[in-house]
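Here's the letter readout for the chains.
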Amino acid sequence: MDLNAIYLVSDSVGETADQVIRSALFQFETENYQLKKYSYVQTLEEIDAICAKAGEDEKAMIFYTFVQKEMADYMQDRIEKAGLIGVDIYSPVMKGLGQLFQMKPLEKPGINRQLNKDYFNRVEAIEFSVKYDDGRDPRGIEKADIILIGVSRTSKTPLSIYLANKNVKVANIPLFPESKPPKEIFSIAPERIIGLINSPKKLNEVRKERLKTLGLPPSASYAGMERILEELEYADQIMKQIGCEVIDVSNKAIEETADHILHYMDVMNISRKHL
């Protein structure tokens, strides 16, 4: 059976179309498709070639993002003449914003990827989160916008990097009974600290997988339920002592937890003043 061909065409990298379509595909329980991505399409001749190629497929659909109206209009015209199905992702958004702001768009492909202050701030935040990952240096606590605390396998590191990509400087501190947490977490505003917890069952599962990747037996105490409950009780005591926000990550994707934290920062008026 021939796969349905989904063409993603853009005058830049094509991340927007890629993310939109991949997100939408999750709503369809099928793998009967093939993504064909065409980035940095700059000429009408390239559009002609892509539409001709799509016309050769038994079933094809084209999703495109052009910031230049001339290119978008030409693509739509070629799609209609070829009898194809096409969706213009950008133009309705550009038109709506133009009406809102009462101005014409710049129509410069890739302008959102240009090196600007926001880009360098993001790089700085990522470097910060790597430097102060896993409690390596407690001095990062006072410099961070947000401090994540929690037992092992509560997604502290991936969450730190994800938030760093949102221009948030994050330090994360592991909690375990054998070691007292840095004194700095008791001296800063508790609003800047986020406690992460996970269900005992989930921790048991992920820790067993972690041991497996390390070539260690799953029966090690690190993944044992008794040890997990001990750690969670200890972490709960620390979080209550601090009085910080606590998030259960057991049934949340990294993106969901990050959105929760970003919303919390807005509500609590925690600015990214360190950037």
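Everything below is about the structure shown above.
Here the structure is a predicted model, which is why all the values come from computation and not from measurement.

A.B. asks: Tell me about the packing of aromatic side chains, and please be specific about residues and values.
C.D. replies: Enumeration over the complete set of coordinates arrives at 3 aromatic pairs. With a centroid separation of 5.8 Å and 5 degrees between ring planes, the pair formed by Tyr7 and Tyr38 is classed as stacked. In this pair, Tyr7 is assigned in strand E1 (residues 4–10) and Tyr38 in strand E2 (residues 33–38), connecting sequence segments 31 residues apart. Tyr7 gets classed as buried once you look at its relative accessible area, which sits at 0%. Judged by relative accessible area, which is 27%, Tyr38 ranks as partly exposed.

A.B. asks: Could you give me a rundown of the packing of helix H2 (residues 44–56) against helix H3 (residues 69–81), with the residues and numbers involved?
C.D. replies: Describing two packed helices takes the angle between their axes plus the distance from one axis to the other. Running from N to C, H2 and H3 point in directions that differ by 30 degrees, and their axes come no closer than 10 Å. Considering the angle they form, H2 stands roughly parallel to H3. Here the hand of the crossing between H2 and H3 comes out right-handed. For the pair H2 and H3, the contacting residues are Leu44, Ile47, Asp48 and Cys51 in the first and Glu70, Met71, Tyr74, Met75, Arg78 and Ile79 in the second. Residue composition of the contact of H2 with H3, by class: 7 nonpolar, no polar and 3 charged.

A.B. asks: Give a detailed account of the sheet that holds strand E6 (residues 170–174), specifying residues and quantitative values.
C.D. replies: Spatial strand order, E6-E5-E7-E8: 4 strands in an open sheet with parallel pairing. Each end of this open sheet is capped by a strand with a single partner; those strands are E6 and strand E8 (245–248). Put simply, the sheet's adjacent strands are angled 25 degrees from each other on average, direction ignored. When strand E7 (residues 193–197) meets E8, the two strands line up parallel, connected through 4 bridges. By the bridge assignment for E8, Ile194 is matched with Glu245. Contacts from helix H9 (residues 225–242) reach strand E5 (146–150), E7 and E8, with the element oriented near 155 degrees to E7.

Cut-offs and rules
- Residues numbered from 1 in each chain as written.
- Predicted model: local features only at pLDDT ≥ 70, side-chain atom pairs only at ≥ 80, totals over all residues.
- Heavy atoms only, no water.
- Phe/Tyr/Trp six-rings, centres within 6.5 Å; stacked < 30°, edge-to-face > 60°.
- Helix = DSSP H or I, 4+ residues; strand = E, 2+ residues; numbered from the N terminus.
- Buried < 20%, exposed > 50% of the residue type's maximum accessible area, 1.4 Å probe, protein only.
- Axes fitted to C-alpha atoms, helices over the stretch in contact; angles between N-to-C directions.
- Parallel < 35°, antiparallel > 145°, perpendicular 65-115°, else oblique.
- Left-handed = near helix turned anticlockwise from the far one by under 90°.
- Contact = heavy atoms within 4.5 Å.
- Nonpolar A, V, L, I, M, F, W, Y, C, P; charged D, E, K, R; others polar.
- Pairing = 2+ DSSP bridges.

Taken by themselves, the reported measurements are silent on function.
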